[in-house]
Amino acid sequence: MTGHDKAQPPAPVAARRRRLIAYALVAPGTAYLLLVFCSVILLLFSYSFRTERSSRLFAPFSTETWSQALGDDYQLGVLWTTLRVGVVVTVLTVALAYPVAWCLYRVRRWWVRGLLGFVIFSPILVSVVVRSYGWMLLLSPGGLLAGPLDGWLYHEPGVILALVHVELPFAVVPLLAALRTLPPGVLEAAADLGASPARRLRSVLLPLTLPGIVAAAQLVFALTVSAFATPALLGGGRVTVLSQSVYQNIQQLNWPLAAVQALLLLAVALVVLSVFNRLSRLVDVRQRRDRKGTIA
Amino acid sequence: MSVPALHADGVSKWFDGRRVLDAVDIEVREGEFFSLLGPSGCGKTTALRIVAGLDAPDEGRVSINGTDVTRTPAHRRPTNLVFQQGALFPHLSVFDNVAFGLRTEKTAKREIAGRVEELLDVVGMAEFAGRAPGTLSGGQRQRVAMARALVRRPQVLLLDEPLSALDLGLQLRMRRELRALQRRTGTAFVCVTHNQAEAMEISDRIAVLNAGRVEQTGTARELYHTPASRFVAEFIGENNLFAGATADGLTLPADHDGLLAVRPESFRLAAADDAASVGTATVRSAGFLGPRLRVVLETATGREVLVDAEAGATTAAVGERVGLAVAAAQVAVVPETAVPEAAVPEAGLPEEGAVREAAS
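These numbers come from a predicted model, not from an experiment. (Residues numbered from 1 in each chain as written. Chains lettered and ligands numbered in written order. Predicted model: local features only at pLDDT ≥ 70, side-chain atom pairs only at ≥ 80, totals over all residues. Heavy atoms only, no water.)

Q: I'm lost on the interface of chain B and chain A in this one. Help?
A: A common way to state how big an interface is: give the accessible area lost once the parts meet. Counting from both sides, the interface comprises 27 residues of chain B and, opposite them, 27 residues of chain A. Of the roughly 2,200 Å² buried between chain B and chain A, counting both surfaces, carbon and sulfur atoms make up 63%. It is H75, H91 and F100 of chain B that lose the most area in chain B upon contact with chain A, and together they represent 30% of the buried surface on that side. The tally of links between chain B and chain A comes to one salt bridge. The salt bridge partner of E188 of chain A is R49 of chain B, with a shortest N-O separation of 2.7 Å. (Contact = heavy atoms within 4.5 Å. Buried area = accessible area lost by both parts, 1.4 Å probe. Salt bridge = Lys/Arg side-chain N within 4 Å of Asp/Glu carboxyl O.)

Below, the structure written as structure tokens:
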């Protein structure tokens, strides 16, 4: 990214100029991200070690809020619901998105591909709130899906159903990108070597698109655990996830508890994302190669 | 004759309303090295993919050792294909790449190890068993691809431009290795190539494809000496084509007034007044090619004639007028349109065409 040319190092002056330009280009974005993110995290961190007294921040250092958040059954239940919904939605979304991405990858006619792409990605153009209200209409008594999916509204299945719909396009993008990096001919080679369609999927397609699957899962999980509008509307107050709880606590001016839960949410996301990374490295042989190029 | 190892019977294929294969007939004998030769876009790769089961023919049938496999999917056919760029699995080691085709048919573990090692040994890649394909050179990858296809002991091995990705020196060496490998395994090989020198060097028989049609099938010698069509005469080696026995200021010793072909090495340079010469021409250029001298001549009508003369015995000064001599046996009669293989030797000689003496 520094503009170095490997084959032929440019003249020193030109190199310095290029480096300066590179820094100048990188600086604004980095500064913006770091300032806002770091200052907010620090603020949350300091808030989390205080307590709330009659709707005001009580200054002295205390771990009382942390023990409240981690010791209380209701609070732990919220954390557990967030994790569960996150994992279920991630698994369902990636499983549903994979065949869709495959279809987009295989379609040859440009106008079919364009149409399919539009159908899949158009939900992004509509606000999440509008889409969630749409699901409420479908699931509420008298709605189109009220019969077969009776009782899903204001319960976890309804929340999961709507979240899968919301996150689906975000899973298709990395999967499609991974499919497009497939080396030419490997699937046909597998078929030629006697692999049935199921075997081709298991032994060639899935291992080779694993980086895309991991990226899709990470993206969907991060978006799901931090989703607010969809669980709030379709949960109807009965299904509470961390992001809602944070909002409610802020409404009640309980800033310390909101800070603790916001940090918990961040920790959940970071832990799960790093687990995904670890897992993918364990499964992906190409990353297990030593320096001589031997596969362990 | 015994049952052919591979028989493609009247295979046609359309892509987007364009006919890429037109009633292609191919018969490959048991243990034969057979090449499908043609320029790019002639449909040779499509023909190979149809045999492998990767594409379905719109018309015609494919049978292997007498069994009709036209409707058999690729993974159940007794053929294996060596892909153009190898198409090795990047996530598997060399060993696992070669073992892949055995694991799909539930071979016993011990047998897999034995057969994979044997094949890696045959292609000289035994010491690379643990390596990832990404760390191999093009030639090494191609060898692994061959081992991977051969380890399943296919009844017919298909090769799609197996050498075209390699540099010239390696190509020449791999040609001999490929031929040796075929002799050793005794498997029928069907090799697609656009390189006529390669096809002639390694094949028992060659089918020349042009615009989706088989122009001629035969040994390299047959294709070279008795081309069945203008296309074959021009595509295989170099040729001087003449519209008739008296054309372009020459009078060729042939009993035929149609298309005639004379190879550059069949012409002999003679003195301008030599009684045996069939005409005279002016030397335009002469290039030394080592054993041969490539002489480009121009006849009185401005027609260019290529002559390969023995370098040691010939002197040809640019601008010099020389005589051209050729034996009657060296003048090939070329049918104007593609005709079935069997009809070539009997190509009718027109009775009315008077025998023309070589002009003085």
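Q: Help me understand helix α2 (residues 94-103) of chain B, please; the structure alone is not making it clear to me.
A: Helical geometry note: an α-helix holds 3.6 residues per turn, so side chains three or four residues apart project in the same direction. The element α2 of chain B is extensively covered by neighbouring structure, given that eight of its ten residues are classed as buried. Looking at the packing, one finds that the buried side of α2 of chain B touches α7 (186-192) and α8 (197-208) of chain A together with α3 (109-122) and α4 (138-150) of chain B. (Buried < 20%, exposed > 50% of the residue type's maximum accessible area, 1.4 Å probe, protein only. Helix = DSSP H or I, 4+ residues; strand = E, 2+ residues; numbered from the N terminus.)

Q: Please clarify how the UniProt feature "domain: ABC transporter" (unreviewed entry) in chain B should be interpreted in this entry.
A: Mapped onto the present numbering, the UniProt feature "domain: ABC transporter" (unreviewed entry) falls on residues 6-236 of chain B. Strand forms 26% of residues 6-236 of chain B and helix 36%; the C-alpha atoms that close the span are 24 Å apart. (UniProt positions renumbered as here; feature names shortened; annotations may be inferred.)

Q: Sorry, what's going on with the packing of α2 of chain B against α3 of chain B here?
A: Geometrically, a packed helix pair is captured by the angle between its two axes and the distance between the axes. Residue and element names in this part refer to chain B. Between α2 and α3, the shortest axis-to-axis distance is 9 Å and the interhelical angle comes to 125 degrees. With respect to their mutual orientation, α2 and α3 come out oblique. As α2 packs across α3, the resulting crossing turns out to be right-handed. When α2 is examined against α3, the residues V94, F95, V98, A99, L102 and R103 are found in contact with a partner set consisting of I112, A113, R115, V116, E117 and L120. Here the contact of α2 with α3 is composed, by residue class, of nine nonpolar, no polar and three charged. (Axes fitted to C-alpha atoms, helices over the stretch in contact; angles between N-to-C directions. Parallel < 35°, antiparallel > 145°, perpendicular 65-115°, else oblique. Left-handed = near helix turned anticlockwise from the far one by under 90°. Nonpolar A, V, L, I, M, F, W, Y, C, P; charged D, E, K, R; others polar.)

Q: What's the story with the packing of aromatic side chains in this structure? I'm lost.
A: The description of two aromatic rings rests on the distance between their centres and on the angle between their planes. Residue and element names in this part refer to chain B. By the definition in use, this model includes ten aromatic pairs over all chains. Residues F231 and F235 carry aromatic rings whose centres are separated by 5.3 Å and whose planes lie at 15 degrees to one another, so their mutual orientation is stacked. With F231 and F235 both in helix α8 (residues 230-235), this residue pair falls four residues apart, about one helical turn. A centroid spacing of 6.3 Å and a plane angle of 90 degrees characterise the contact between F242 and F267, whose relative ring orientation is edge-to-face. Highlighted residues: F242 in strand β11 (residues 240-242) and F267 in the loop between β14 (259-262) and β15 (268-270), separated in sequence by 25 residues. Pair check on accessibility: F242 and F267 agree, each one buried. (Phe/Tyr/Trp six-rings, centres within 6.5 Å; stacked < 30°, edge-to-face > 60°.)

Q: I keep staring at the confidence of the model for chain A and nothing clicks. Help me out?
A: Atomic detail in the predicted coordinates should be set aside for any region of low pLDDT. All names here are of chain A. For chain A, the mean per-residue pLDDT works out to 86, and 91% of the residues sit at or above 70. Looking across chain A, the model is least confident in strand β2 (residues 56-58), with a mean pLDDT of 70, and most confident in α7, with 96. Low confidence marks residues 1-5, where pLDDT is under 50. Its contacts with residues over four positions away, or in another chain, come to seven contacts. (pLDDT = per-residue confidence, 0-100.)

Q: When you look at the environment of F89 of chain B in this model, what are you seeing that I'm missing?
A: Here F89 of chain B lies in the loop between β6 (79-82) and α2. Judged by relative accessible area, which is 0%, F89 of chain B ranks as buried. C-alpha of F89 of chain B to C-alpha of E215 of chain B: the two residues are 126 residues apart in sequence and 37 Å apart in space. Look past the residues within four positions of F89 of chain B in its chain and what remains in contact with it is V186, A189, A190, L193 and V204 of chain A together with N97, F100, P133 and R148 of chain B.

Q: Would you take a moment to explain empty space enclosed by the protein for this structure?
A: Applying the stated criterion across every chain, the model contains two cavities of 30 Å³ or more. When its volume is computed, the largest cavity comes out at roughly 90 Å³. What lines the largest cavity is a set of 13 residues, and nearest its centre among them are A8, I26, A47, L48 and V51 of chain B. Of all the elements in the fold, those that place two or more residues in the lining of the largest cavity are β1 (6-15), β2 (18-28) and α1 (44-52) of chain B. The dominant element in the lining of the largest cavity, judged by the number of residues it contributes, is α1 of chain B, at four residues. Computed from the structure, the second largest cavity encloses a volume of approximately 40 Å³. Where the lining of the second largest cavity is concerned, the elements lending two or more residues are α3 (73-106) and α9 (210-225) of chain A. Residue composition of the lining of the second largest cavity, grouped by class: six nonpolar, three polar and no charged. (1 Å grid on protein atoms, 1.4 Å probe; cavity = no way out; pocket = protein on both sides within 12 Å on 5 of 7 lines; lining within 4 Å. Points joined across faces, edges and corners; volume = space filled by probe spheres on them.)

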